[in-house]
Amino acid sequence: MSKIVTLGEIMLRLSTENNNRFIQSNTFRADYGGGEANVAVSLANFGIESEYVTKLPNNPLSDSIFRYLKANGVETKNIVLGGERLGTYYLEVGTSVRASSVIYDRKYSSFSTLDYSELKIEEILKDCKILHLSGITPALSENCKELTIKIMEKAKEMGVLISFDFNYRGKLWTLDEASPVLTSYLPYIDICFAGILDAKNIMKLGNHSDLNEYYKEITKKYPNIKYLLSTKRETHSVNENSLTGFIFKDGELIASPRYTFQIIDRVGGGDAFAAGAIFGIYNNHSPKDIVDFATAASVYKHTVRGDANLVSKDEIYNIINNGISTVSR
């Protein structure tokens, strides 16, 4: 069976409890998370062989991460050990009119020092159908910029499909820094997660009236991109959002149903959408089925505490087939 490989940084996440502010908090809830790790965990829970590649310090925190990944069925055999520290981020959980807030503490993390030469790249990409990366990785260090392009080049050489989530993070780098780097990756990408703001601010495309026009321009400029995907979020309050997913395939933009839902934990919603889409693409589903599954997966994630979407594919199909409020009996 072909596998899916994801590569990126996993961090210790420390969240305030009971919607407290940082200044009020003496205790924090500890979880592990990071975009590419979240995707690997989701895919493994959907029953797909998934492998996660990263670099971790050789200490007990990393032992806990191995346990977490393995418990969720993720292959970890090519994780590199070395460096000084595990990256950390702090999450102040918002409520009502107060938005959530993130503080990163990941500079000089072990992953940011990962060099391409440390990877057993032939072994990692052997029998790999899809490699999933994100724009967070090149934002971390010069090492990571070089690592990203080199692994993309090798994946293309080996016939592996490349999935890439732009995932721009303004707290890690500026738009001027990100734009030339991320656009240089576009000729290698087969599956691209990018929205209107990515098209305007990073790809520097002209002003269009809607997402369909941006996607037409992107695929005209980069015909290698087989799928373009994104979501539209409507924020009614911090605790209630609506979400619609979109997929552009063969010149046609297709939308999912629009879901309105209450939020337990918003972090990881985009990763859940990406994992859901990759699941559908991996299984050669129709574009409509791909975007419906991906959007329902993202909606489900908003009800799960922690970074990863701990849900089976059957639970996602239950939402699609029976609706959000239907009790599963």
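Please refer to the structure higher up on the page.
Residues numbered from 1 in each chain as written. Predicted model: local features only at pLDDT ≥ 70, side-chain atom pairs only at ≥ 80, totals over all residues. Heavy atoms only, no water.

Peer 1: Would you mind showing me how to read the packing of aromatic side chains here?
Peer 2: To describe a pair of aromatic rings, one takes the distance between the centres and the angle between the planes. Evaluated as defined, the whole model comprises 11 aromatic pairs. Where Phe 293 meets Tyr 317, the ring centres are 5.1 Å apart and the plane angle is 55°; that geometry is what we call tilted. With a gap of 24 residues between them, Phe 293 in helix H9 (residues 287–301) and Tyr 317 in helix H10 (residues 313–322) connect regions that are remote in the sequence. According to the relative accessible area criterion, Phe 293 is buried, its value standing at 2%. Overall, Tyr 317 belongs to the partly exposed group, its relative accessible area being 29%. In this arrangement the basic side chain of Arg 106 is found over the ring face of Tyr 104, its NZ or CZ atom lying 4.9 Å from the centre. Here the guanidinium or amino end of Lys 129 rests over the ring plane of Tyr 282, the centre of that ring lying 4.9 Å away. (Phe/Tyr/Trp six-rings, centres within 6.5 Å; stacked < 30°, edge-to-face > 60°. Helix = DSSP H or I, 4+ residues; strand = E, 2+ residues; numbered from the N terminus. Buried < 20%, exposed > 50% of the residue type's maximum accessible area, 1.4 Å probe, protein only. Lys NZ or Arg CZ within 6 Å of the ring centre and 35° of its normal.)

Peer 1: Help me understand unusual backbone geometry, please; the structure alone is not making it clear to me.
Peer 2: A negative phi holds for most residues other than glycine; trans holds for most peptide bonds. Non-glycine residue Lys 204 carries a positive phi angle of around 60°. Within the fold, Lys 204 resides in the loop between helix H6 (196–202) and helix H7 (211–221). Non-glycine residue Asp 250 carries a positive phi angle of around 55°. When you line up the elements, Asp 250 lands in the loop between strand E13 (240–249) and strand E14 (252–255). Given the relative accessible area of 69%, Asp 250 is considered exposed.

Peer 1: I keep staring at empty space enclosed by the protein and nothing clicks. Help me out?
Peer 2: Rolled over the atoms, a probe with the dimensions of a water molecule shows which regions are left empty. For the structure shown, the criterion picks out one cavity of 30 Å³ or more. Considered as a void within the structure, the largest cavity measures approximately 30 Å³ in volume. Residues belonging to the lining of the largest cavity are distributed by class as follows: five nonpolar, four polar and three charged. (1 Å grid on protein atoms, 1.4 Å probe; cavity = no way out; pocket = protein on both sides within 12 Å on 5 of 7 lines; lining within 4 Å. Points joined across faces, edges and corners; volume = space filled by probe spheres on them. Nonpolar A, V, L, I, M, F, W, Y, C, P; charged D, E, K, R; others polar.)

Peer 1: Is there a simple way to think about the sheet that holds strand E8 (residues 101–105) in this case?
Peer 2: As a general point, the strands of a sheet are linked pairwise by backbone hydrogen bonds and lie either parallel or antiparallel. Taken in spatial order, the four strands line up as E3-E2-E7-E8 in an open sheet, and their pairing is mixed. Both edges of this open sheet fall to strand E3 (28–33) and E8, since each of them pairs with a single strand only. On average, each strand axis in the sheet is inclined to that of its neighbour by 25°, with strand direction left out of account. Pairing of strand E2 (residues 11–16) with E3, which is carried by six bridges, proceeds in the antiparallel orientation. Following the sheet pairing, Arg 13 is matched in E3 by Asp 31. (Pairing = 2+ DSSP bridges. Axes fitted to C-alpha atoms, helices over the stretch in contact; angles between N-to-C directions.)

Peer 1: What should I look at first to understand the nonpolar core in this one?
Peer 2: Where a protein is soluble and globular, its nonpolar side chains tend to be buried together. Core analysis: the largest hydrophobic core is formed by 48 residues, its most contacted members being Phe 166 and Ile 218. Take this core: its biggest share by element is five residues, from helix H4 (residues 142–157). Apart from residues no more than four positions distant in its own chain, Ile 218 is found in contact with Ala 199, Met 203, Leu 205, Ile 225 and Leu 228. (Core = buried A, V, L, I, M, F, W, Y, C linked by side-chain atoms within 4.5 Å. Contact = heavy atoms within 4.5 Å.)

Peer 1: Could you clarify how one ought to interpret the packing of helix H8 (residues 269–282) against H9 in this entry?
Peer 2: Two quantities define a packed helix pair, namely the angle between the helix axes and the distance between the axes. Contact geometry for H8 and H9: axes closest at 7 Å, N-to-C directions at 150°. As far as their axial angle goes, H9 and H8 are roughly antiparallel. As H8 runs across H9, the sense of the crossing is right-handed. The residues of H9 that touch H8, namely those facing Gly 269, Ala 272, Phe 273, Gly 276, Ala 277, Phe 279, Gly 280 and Ile 281, are Ile 290, Phe 293, Ala 294, Thr 295, Ala 297, Ser 298 and Lys 301. Looking at side-chain class alone, the contact of H8 with H9 contains nine nonpolar, five polar and one charged residues. (Parallel < 35°, antiparallel > 145°, perpendicular 65-115°, else oblique. Left-handed = near helix turned anticlockwise from the far one by under 90°.)

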